[in-house]
Amino acid sequence: MRQDVLELARFYASPLGRAAARMIGVKIDEAWDGLAGLDVLGLGYAIPLLQAEDVGRRIAAMPAAQGVEVWPAGAANLSCLVDDAALPFGNAHF
């Protein structure tokens, strides 16, 4: 059972959630040597990890069982609700 998008948003807004996002971000940067210029698809609740401004396109694909949050606030929407077993993106697009 997936956590609800509202629960995840509350967690990542907390001090513990922000610390977790920073630590995960460090590991992502280590694994890919940075994401500058790359198009990035975040599957699940990846909003806290998609904040980098130096990447190409950023899309938050949130599974239907979890729910979706409009993101980013005050700008064109970059989030979508997806079936995580059948993503609506072509192979090797991200």
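Residues numbered from 1 in each chain as written. Predicted model: local features only at pLDDT ≥ 70, side-chain atom pairs only at ≥ 80, totals over all residues. Heavy atoms only, no water.

A. Geometry of the nonpolar core. Counting residues in each nonpolar core, the largest one holds 12 residues, listed as Val5, Leu8, Leu35, Val40, Tyr45, Ala46, Ile47, Leu50, Val55, Ala60, Met62 and Trp71. Elements with a minimum of two residues in this core: α1 (5-13) and β2 (58-63). Leu50 has contacts with Val40, Gly42, Arg58, Ile59, Ala60 and Trp71, leaving out every residue within four places of it along the chain. (Core = buried A, V, L, I, M, F, W, Y, C linked by side-chain atoms within 4.5 Å. Buried < 20%, exposed > 50% of the residue type's maximum accessible area, 1.4 Å probe, protein only. Helix = DSSP H or I, 4+ residues; strand = E, 2+ residues; numbered from the N terminus. Contact = heavy atoms within 4.5 Å.)

B. Representation of the pattern of salt bridges in the model. Taken as a whole, this structure holds two salt bridges when the rule is applied. For Glu30, the salt bridge identified is with Lys27, shortest N-O distance 3.2 Å. Separated by three residues within a single helix, Glu30 and Lys27 lie in helix α2 (residues 15-32), roughly one turn from each other. Each member of the pair, Glu30 as well as Lys27, is classed as exposed. Residue Arg57 is joined to Asp39 by a salt bridge in which the shortest nitrogen-to-oxygen separation is 2.7 Å. Pair noted here: Arg57 is in the loop between β1 (40-43) and β2 and Asp39 is in the loop between α2 and β1, with a separation of 18 residues, a long-range link. For Arg57, a relative accessible area of 45% corresponds to the partly exposed category. (Salt bridge = Lys/Arg side-chain N within 4 Å of Asp/Glu carboxyl O.)

C. How the structure looks around the environment of Pro15. Mapped onto the elements, Pro15 comes out in helix α2. Distance in space between the C-alpha atoms of Pro15 and Met62 is 23 Å, their sequence separation being 47 residues.

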